Every structure is written in structure tokens, then in C-alpha cells.
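# An overview of the molecular structure
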Amino acid sequence: MPLFDHPEFDHHRQVLFGCDPESGLKAIIAIHDTTLGPALGGLRIYPYASEEEALTDVLRLSRGMSYKSAMANLPLGGGKAVIIADPRTGKTPALLRAMGRLVDSLGGRYITAEDSGSSEADMQVIAAETAHVGGLRRASGESGDPSPFTAWGVFCALKSAVRHGLGRRDLDGLRVAIQGVGHVGAHLAHHLHAAGARLVLTDVNREALAHLAEELGAEAVAPEAIFDADVDLFAPCALGAALTESVVDRLKAKVVCGAANNQLAAPGVAERLMARGILYTPDYVANAGGVIEIAWQRREDYDRAAVMAHIEGIGATLDELFPRAAREGLSPATIADAMARERFGRR
Ligand code: NAD
């Protein structure tokens, strides 16, 4: 299995393979960059079909965290960890403790947190072996669920995108389509409703959709119909890869800004959006509210107002990014990558 020549390698600073025969732990920790600080990134527990698949995933996700943290003005680098196991059956306390020792062996270069397959309760078990854990509920009763913070960040990003893409300073009467009204999408819908926006919502969960639409006086449409909605802004808040070339060709919205990770189904889609005059808000810039809050949880001076203010900085970052993209004639996605790399000192 190639590592240094792996397509996702991108000069990772360190990759640690961990094995604990007693508990059955097979894990990989990838540290992409630590220029700006220790590498923070979640622990994914997943029954990967092969070690190659696990390696590809951890390298891709770890690199993504370098970009996200750099653009969120966090003193953190990018890292990620994966355990090859089924989270429903293979997640024993012994395995999690062995993972905690593996994290601890890096002496703080990597800080772990929740991700798909790992919960806050798992982080408590890991914390018995290492101090280098984020995403733990604070004694003050703060958080545990990052989605309200993510939604607030998306809302701030959206206001910037509306200013730059539509030349509007307020959201009153703005027509917004939200794809996916789960944890983040529902919070976002409430913020937009409070700001006077007119909402078109969809979700494959019909019950949750109907409930929220009624509560907010919004229009509910079938999942496929959301791409044709007559709106100003499209907010992808469901799964990744929502923006394919054919979806972009159908959109009536002139701005895209949402919470979903990896919204662009292929790299060329960013240029397709540009060609159609649609302003795309880079996903990892818009959805960094959750990681900002996790980073703050590690600080002694945690303060909710300060966390919210930090998250509002996402808007300021985009106020720099969008004009630069326009000046350089490049997509906001390309400029976000370039700005992140400048911040962590790579070409
Ligand atoms: P969630 O699972 O709570 O919500 C996703 C919603 O999308 C669900 O209600 C689901 O039924 C719906 N959905 C799935 N497929 C759909 C489809 N084809 N059409 C319409 N709706 C569909 O997840 P979430 O926590 O709200 O996260 C939403 C997105 O934001 C995900 O891509 C996630 O990776 C990303 N994200 C979330 C956070 C966070 O703090 N939760 C942080 C960063 C990024």
C-alpha cells in the first residue's frame, strides 16, 4: 500500500498505525499539518472494507481539517483518526482505552474528538487515558451538540454571501431553499425565518419536514423538486456531493451556501457555478462553527458570547474571500484553498 505516493498524501507530517492485539484495535492517526497548532480532528469508527480504504479516508479527512481550521482562524492544525471496526459491535471500553493510549503517545500533537461512529460517551472513555480530547461536555452544561454552532456559522456565511452575490444587506423577503432539515438545517431555518426570509424546505424524512414547514409557515417540496425551486439562495444541508453539473444547471438561485460537507460532486462543478453566475460559498468555510466551538471547549476561559463572536468571523473571512475570487477571476472554492494554504504556510 503506497503512503508517500498516495494521491491523498499531500505531505502529511506524520501517519501513525496503531495496533493493540488484546482489544483488537486497528487504528490510523493522520497528522496533515501542525504549523498553526496541534492537529485537531475527529475519530471515525467504521467497518472499512480494506486498510487502503481506511488510509484514504483518514488522509482525506485530516487534510480537510487543516483547511477548515486555518480558515476558521483557529490556532490548530489538521488531523484525523480512524478505527477499523463496526461501531455497533466492535466498540468496547478496552478498544477505546487502547485508542486513548495511542492518542496520548503523540504527546498532544493530535487532539481527538467525536466523528461518525464515535460519541461523547466514547470520548469520556478515551479521556481516561489521555488529556488530548475535545468534544466533551463542560461542567457548566455547555453544548455536546455542535449543530447550533454550525448553523449559526452558516447563517453568518449566508449573510456575507447575500451581500456579495445579491448586493443585499438584509434577508427580509429573501427566498431560500434548504435541502435537509436535520440538526443543522432546522436551526438554520429558524434563523432565516426570524430574519424574515421565505423558506422552501425539503427532507427525505417527511414527518420532520411537515412539522417544521408548518411551524415556520414554509413551503415543503419533494427532495428532487428542491433544485428547481424559484429562490434566491440554495442551502445544501443534507449529504455531500449535492452539487453535480446537472443540478447546477437546474438551480434558479444565484447564491449557494449551506452546511453539508464536500458539496461539490466533482472539482469542475465550482467553475460551472461560476459560469452560471452563481456565487458558491466554500463548504468548509461556512460550516466551521462546530469545530470553532470544540476548540473553545478546551480553553479555561470558555465563554459562549466569545464563541459566537468567533463564529461570526466566518462572515469577515468571506468578505475577504469573495472579492479576491472576483478580482482573480477564480472560483471561491479555489481561493479558499489558496488562502488556507497561505495561512499554514504551504504553496
Ligand atoms: P442530520 O443527519 O441531522 O441532517 C441531515 C438531514 O438531511 C436529515 O434530516 C436527512 O433526512 C436529510 N436528507 C438526507 N438525504 C436527503 C436528500 N437526498 N434530500 C433531502 N434531505 C435529505 O445531519 P446534520 O448534523 O444536520 O448535518 C448536515 C450536513 O452538514 C452533513 O453533510 C454534515 O456532514 C454537515 N456538517 C454538520 C455539522 C454539525 O455540526 N452537525 C458540522 C459540519 C458539517
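Structure's up top.
An account of the accompanying structure is given in this report. Remember, predicted model here, so these are calculated numbers, not experimental data.

The first and last C-alpha atoms of helix α2 (residues 93-104) sit 16 Å apart over 12 residues, in line with the 16 Å expected at 1.5 Å per residue. For α2, the set of buried residues is Leu 95, Leu 96, Ala 98, Met 99, Gly 100, Leu 102 and Val 103. Along its buried surface, α2 packs onto β1 (14-20), β2 (25-33), β4 (43-46), β5 (77-84), β6 (110-111) and α3 (120-126).

Let us now look at the side chain of Thr 317. Note on placement: Thr 317 falls in helix α11 (residues 304-328). Note on Thr 317: relative accessible area 4%, which makes it buried. Those residues within four positions of Thr 317 in sequence are excluded, and the remaining contacts are Met 71, Asn 73, Val 285, Met 339 and Arg 343.

The final tally for this structure, using the stated rule, is 22 salt bridges. The salt bridge partner of Arg 88 is Asp 86, with a shortest N-O separation of 3.1 Å.

The full set close to the ligand counts 18 residues, and Thr 150, His 183, Val 184, Asp 203 and Ala 238 are the nearest of them. With respect to the ligand, the side chain of His 183 contributes an N or O atom lying 2.6 Å from an oxygen atom. Computed on the free molecule, the ligand has an accessible area of 820 Å², of which 71% lies beneath the protein chains in the complex. Among the secondary structure elements, those contributing two or more residues to the shell around the ligand are α4 (147-166) and α5 (183-194). Partitioning the shell around the ligand into residue classes produces 9 nonpolar, 8 polar and 1 charged.

The pairing of β1 with β2 spans 7 bridges and is classified as antiparallel. Residue pairing for β2: Asp 20 is matched across the bridge by Leu 25. If you look at the hairpin formed by β1 and β2, you'll find 4 residues sitting between the two strands, and Gly 24 has a positive phi there, around 85 degrees.

What follows is about the nonpolar core. The biggest cluster of nonpolar side chains holds 67 residues, and the ones touching the most others in it are Ile 178, Leu 188, Leu 192, Leu 199, Leu 201 and Leu 321. No other element matches the 10 residues that α4 contributes to this core. Three or more residues apiece are contributed to this core by two domains, here domain 1 (3-126) and domain 2 (147-344). In this structure, Leu 321 is in contact with Met 71, Pro 282, Val 285, Pro 332, Ile 335, Ala 336 and Met 339, ignoring residues within four places of it in sequence. Judged by nonpolar contacts, the second largest core, of 21 residues, contains Val 103, Leu 106, Met 123 and Val 133.

Quick notes on the rules
- Residues numbered from 1 in each chain as written.
- Predicted model: local features only at pLDDT ≥ 70, side-chain atom pairs only at ≥ 80, totals over all residues.
- Heavy atoms only, no water.
- Helix = DSSP H or I, 4+ residues; strand = E, 2+ residues; numbered from the N terminus.
- Expected span 1.5 Å × (residues − 1).
- Buried < 20%, exposed > 50% of the residue type's maximum accessible area, 1.4 Å probe, protein only.
- Contact = heavy atoms within 4.5 Å.
- Salt bridge = Lys/Arg side-chain N within 4 Å of Asp/Glu carboxyl O.
- Near = heavy atom within 4 Å.
- Polar contact = N/O pair within 3.5 Å; in protein donor to acceptor, adjacent residues only side chain to side chain.
- Areas by Shrake-Rupley, 256 points an atom, 1.4 Å probe, with all protein chains shown as cover.
- Nonpolar A, V, L, I, M, F, W, Y, C, P; charged D, E, K, R; others polar.
- Pairing = 2+ DSSP bridges.
- Core = buried A, V, L, I, M, F, W, Y, C linked by side-chain atoms within 4.5 Å.
- Domains from an automatic or database assignment.

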